[in-house]
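One letter stands for each residue in the lines below.
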Amino acid sequence: MAESQSATMSMMPLILAMGLLFIASIETVRNTLGTSLNVVLGPLVDTFHIPFYIVIIILSAMTGFYSSIIQKYTIDYKKMKETQNRMKEFQKEYREAMLSKDEKRIKKLEAKRSKMMQDQMEMSQAQFKPMGYIMVITLPIFFWLIFRLNHFDAMINMPFFGLVHLTDLILGPAPAWIIWYMLCSITLSQVIRKALDIGGL
């Protein structure tokens, strides 16, 4: 019972983030969140006149920083690495037992499999936990970007695509600002993780 409650609590940030993602489909709610956040982020464009593509770099750097910090304190990378190595060893041993048709060894490994599956499930849950926290913070920023770009003429010179408006669809349904945000966030996150000495798998 306690384990079930603990698992539910660990999933709460992700559940909250998914709820926020769902209400994002409601334009009134999305605009309200975007308008509210504009009080904080709007001056970057309105007062300091920072080009919008630079604003996205700043926001993606913020995303990379708090994402790295959240992961640093919510994921036990050492334990996850150990679990991953145990899984690899188990799979190798099980494959060898199957090839050699060693029934006694297979039976022994079958009994061990449930514990290994439980460890893998716990590892997956550990990865989902920070994702929820990150989405709860990041989604309102996305709502603000959508809100501003609907009322702001912003261009960017994208590699391979040339000069495009940030709202132009350049990769399927993905607008230029999403692609630019992701490129900046991924690149800066690697730098931040290296600077903060945050491990990974």
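A. Quick look at the packing of helix α5 (residues 103–149) against helix α6 (residues 176–195). It is at 11 Å that the axes of α5 and α6 come closest, and there the two elements cross at 140°. On the basis of their axis angle, the class for α5 and α6 is oblique. In this structure, α5 crosses over α6, and the sense of that crossing is right-handed. Each of Thr138, Ile141, Phe142, Leu145, Ile146 and Leu149 in α5 lies in contact with α6, whose residues at this interface are Trp177, Ile178 and Tyr181.

B. Looking closely at a nonpolar patch on the surface. On the surface, Phe160, Phe161 and Leu171 cluster together into a nonpolar patch covering about 380 Å² of accessible area. Residue position: leucine 171 is located in strand β3 (residues 169–171).

C. Summary view of the packing of aromatic side chains. In this structure the tally under the stated criterion is 4 aromatic pairs. Judged by centre distance (5.8 Å) and plane angle (10°), the rings of phenylalanine 52 and tryptophan 144 are stacked. Highlighted residues: phenylalanine 52 in helix α3 (residues 52–74) and tryptophan 144 in helix α5, separated in sequence by 92 residues. Neither residue differs from the other here; phenylalanine 52 and tryptophan 144 are each classed as buried. Aromatic pair phenylalanine 90 and tyrosine 94: ring centres 6.0 Å apart, planes at 20°, arrangement stacked. Taken together, the residues phenylalanine 90 and tyrosine 94, both in helix α4 (residues 77–100) and 4 residues apart, mark about one turn of the helix. Among the residues examined, phenylalanine 90 registers a relative accessible area of 7% and is labelled buried. By way of ring pairs, the aromatic residues Phe142, Trp177 and Tyr181 are connected into one cluster. Above the face of the tyrosine 73 ring, lysine 72 is positioned so that its terminal group lies 6.0 Å from the ring centre. Positioned above the aromatic ring of tyrosine 94 is the side chain of arginine 113, whose terminal nitrogen or guanidinium carbon lies 4.6 Å from the ring centre.

D. A look at unusual backbone geometry. The backbone of histidine 49 sits at a positive phi, close to 55°, despite the residue not being glycine. Along the chain, histidine 49 falls in the loop between α2 (27–46) and α3. Take histidine 49: its relative accessible area is 61%, and that puts it in the exposed class. The backbone phi angle of lysine 101 is positive, close to 55°, even though this residue is not glycine. With respect to the helices, strands and loops of the structure, lysine 101 is situated in the loop between α4 and α5.

Definitions and limits used
Note on numbering: residues in each chain are counted from 1, in written sequence order. Only residues with pLDDT of at least 70 are given local features in this predicted model, and only at 80 or more are side-chain atom pairs given and counted; all residues enter the totals for whole chains, interfaces and linings. With hydrogens and water stripped out, all remaining heavy atoms of the structure feed into the side-chain values. Lines are fitted to the C-alpha atoms to define the axes, a helix being fitted only along its stretch in contact, and any angle between axes, read from their N-to-C directions, falls within 0 to 180 degrees. Only DSSP runs of H or I with at least four residues qualify as helices, and only runs of E with at least two residues qualify as strands; both kinds are numbered from the N terminus onward. Oblique is the label for every angle not falling under 35 degrees (roughly parallel), over 145 degrees (roughly antiparallel), or within 65 to 115 degrees (roughly perpendicular). Handedness of each helix crossing follows the sense of rotation of the near helix against the far helix: counterclockwise by less than a right angle gives left-handed, clockwise gives right-handed. Here a residue-residue contact requires only that any non-hydrogen atoms of the pair lie within 4.5 Å. Residues enter a patch when their relative accessible area is above 30% and they make no salt bridge; the linking distance is 9 Å between like charges and 5 Å between nonpolar side chains (Val, Leu, Ile, Met, Phe, Trp, Tyr). Only the protein chains shown count as cover for residues, and the accessible areas themselves come from Shrake-Rupley with a 1.4 Å probe. Whenever Lys or Arg places a side-chain nitrogen within 4 Å of a carboxyl oxygen from Asp or Glu, that contact is recorded as a salt bridge. In this scheme Phe, Tyr and Trp rings, the latter by its six-membered ring, pair at centre separations within 6.5 Å, and the angle between planes marks the pair as stacked below 30 degrees, edge-to-face above 60, and tilted otherwise. Using a 1.4 Å probe on the protein chains alone, a residue whose accessible area is under 20% of its type maximum counts as buried, one over 50% counts as exposed, and one in between counts as partly exposed. By the criterion adopted, a ring carries a charge over it if an Arg CZ or a Lys NZ lies within 6 Å of its centre and within 35 degrees of its normal.

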